[in-house]
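What the coordinates show
Spelled out from the first residue to the last, the chains are:
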Amino acid sequence: MLGNTFILLSANGGGFLSSLNNPNGLNLGDIIVTVLFFTVLMVLLKKFAWGPLMGIMDQRAELIANEIEAAEKSRLESHKLLEEQRALLKEARENAQSIVENARKQGETQREELVTAARAEVNRMKESASLEIATEKEKAVAALREEFVSLSILAASKVLGKEISEEDNRALIEETIVKAGESR
Amino acid sequence: MNHGNPDWDLYGLHFNPANILMLFVTCLVVFLIAVIATRNLQIKPTGMQNFMEWIMDFVKGIIKNNMDWKTGGRFHVLGITLIMFVFVANMLGLPFGIQWKGELWWKSPTADPVITMTLAAMVVILTHYYGVKQLGVKGYFKTYLQPMPFLAPLKVIEEFANTLTLGLRLYGNIFAGEILIGLLATLGAGSAFGLIGALIPSLAWLGFSVFIGAIQAFIFVMLTMVYMAHKVQTDH
């Protein structure tokens, strides 16, 4: 088509185009070939090289954007987690402190109680011991007194030479002895 | 230095098969580099993928310098292909040139004004196309009346001047580079004394040509985006 047109144009002769298409001037054929080759090259390269390359570059740009976004997100998240952990740690520390405090207080109270109880027990034991001692002493005194009375009666009967009725005089003698004990 | 160009006459159209060969080689090299570099694409890039991504980001930076990415994103593929194409084209003629039967077959395709002017014209036509597409016909013609209506003739001339300078700058740089390389090679091949004399200058000039080739590729894409930005944006 194009060739035919040029044939017509050059067949006219003497025209501008035929002067261009002169072997000693410009080669119209070269012009056509240049444009054709360049266009074909561009189309082929777009299909086989630039297209895929641009695709991969876009893909990378997208990937990078995504990665940045994800990094930002994870940074915020880790920040949040860190804050959370920090709060938890603080809470735990406070808890521990209060537990220790409580235990200390409880221990103190218990010690106090134990000491009081022990003291009370000791008092009680002391009391009962002294009571027992007093009872034993009473008993011993009574026994001694009884023995003394019998001995006195025995002695008196020996002195008097006659048997004194033990039952009759016992009350009298005991009274004497008590008086003697008091005067002593 | 006195070489001719091969010429084929096909159905009344004249072709320079050397140009076609070199364009094909350029396209092949660019295609192979790009496709091999983008085989094992990974999210975490390695080796050649890094290089390609660097080029993409580099062109992206050029576009972003001139317009916002929403408007300019569609020119990304054009920009990458253009910069790779022009750079590889500039490099091809550096290591050697091949003449056969007095005709030059191996050279930089960008050392031919037809090809550079075609690329430039293509770019400028694209800017007009996208200008109309973005701003509408009315908005497109309104840009000619800015900043002052009486400057409209200058704006029209500017379009042609842009095309011309864009194409001829590239052609001039690369062609001059090849001429000088050719001269130095001729000098070196002439005699033992010439070889010694030519060795250091040709090494230096080759290095400089690599630099020029890279700079010209960058400038070509940069200006493409500048012209594009003028056409597709009103707030300038």
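To start, this report covers the structure provided alongside it. Positions within a chain are numbered from 1, following the residues in the order the chain's sequence is written. For this description, chains carry letters from A and ligands carry numbers from 1, given in the order in which they are written. Selection of residues for local features in this predicted model requires a pLDDT of at least 70, selection of side-chain atom pairs for listing and counting requires 80 or more, and totals for whole chains, interfaces and linings are taken over all residues.

1. Here we look at the overall build of chain B
Looking only at helices and strands, chain B has seven helices and four strands in total. Put simply, a residue is buried when 20 or more other C-beta atoms lie within 10 Å of its own C-beta and exposed when 12 or fewer do; between those, it is partly exposed, and each C-beta is set from the backbone. Within chain B, buried positions represent 35% of all 236 residues. Each helix corresponds to a stretch of at least 4 residues labelled H or I by DSSP, and each strand to a stretch of at least 2 residues labelled E; elements are numbered beginning at the N terminus.

2. Section: the interface of chain B and chain A
Here, residues touch in the contact sense if the C-beta positions derived from the backbone fall within 7 Å of one another. Opposite the 33 residues of chain B that make contact, chain A presents 33 residues. Where the side of chain B that touches chain A is concerned, the elements lending two or more residues are strand E2 (13-15), helix H1 (17-37), helix H2 (47-66), helix H4 (76-92) and helix H5 (113-142) of chain B. Here the side of chain B that touches chain A gets nine residues from one element, more than from any other, and that element is H1(B). For this classification, Asp, Glu, Lys and Arg are treated as charged, while Ala, Val, Leu, Ile, Met, Phe, Trp, Tyr, Cys and Pro are nonpolar and the rest, including Gly, are polar. When its residues are assigned to classes, the side of chain B that touches chain A shows 24 nonpolar, seven polar and two charged.

3. Some details on the pairing of strand E4 (residues 103-106) of chain B
All names here are of chain B. In this analysis, strands are considered paired if DSSP registers two or more bridges between them. Bridge count between strand E3 (residues 98-100) and E4: three bridges; the pairing is antiparallel. Within E4, the residue paired with Trp100 across the bridge is Glu103. Where E3 folds back onto E4 in an antiparallel hairpin, the turn is made up of two residues, including Lys101, whose phi is positive at roughly 55°.

4. Topic: the packing of H4(B) against helix H7 (residues 192-232) of chain B
All names here are of chain B. All axes here are fitted lines through C-alpha atoms, helices being fitted over the stretch that makes contact, and every angle between N-to-C directions spans 0 to 180 degrees. Axis separation between H4 and H7 bottoms out at 9 Å; the angle between their running directions is 155°. Compared by their axis directions, H4 and H7 come out roughly antiparallel. Along this stretch, H4 crosses H7, giving a crossing that reads as right-handed. Across the interface between the two elements, Gly79, Leu82, Ile83, Val86, Phe87, Asn90 and Met91 from H4 touch Val210, Gly213, Ala214, Gln216, Ala217, Phe218, Phe220, Val221, Thr224 and Met225 from H7. Looking at the contact of H4 with H7, its residues break down into 12 nonpolar, five polar and no charged. Orientation labels follow simple angle bins: below 35 degrees gives roughly parallel, above 145 gives roughly antiparallel, 65 to 115 gives roughly perpendicular, and whatever is left gives oblique. The handedness criterion is simple: a crossing whose near helix is rotated anticlockwise from the far helix by less than a right angle is left-handed, and one whose near helix is rotated clockwise is right-handed.

5. A short note on H7(B)
Take the residue count of a helix, subtract one, and multiply by 1.5 Å to get its expected span. For H7(B), built from 41 residues, the straight-helix expectation of 60 Å at 1.5 Å per residue is met to within 8% by its first-to-last C-alpha distance of 58 Å. One axis is fitted to the seven residues ending at the residue and one to the seven starting there. The bend at that residue is the angle between these axes. Of all the bends in H7(B), the greatest, near 35°, is centred on Ala198(B), and the proline Pro201(B) appears no more than four residues after it.

6. Describing the packing of helix H3 (residues 28-160) of chain A against H4(B)
Put simply, H3(A) and H4(B) touch, their axes get as near as 10 Å, and they point 115° apart. Here H4(B) runs roughly perpendicular to H3(A), going by the angle between their axes. The two elements H3(A) and H4(B) meet at a crossing, and its hand is right-handed. Contacts between H3(A) and H4(B) involve Phe38(A), Leu41(A), Met42(A), Leu45(A), Lys46(A) and Trp50(A) from the first element and Val77(B), Leu78(B), Ile80(B), Thr81(B) and Phe85(B) from the second. Partitioning the contact of H3(A) with H4(B) into residue classes produces nine nonpolar, one polar and one charged.

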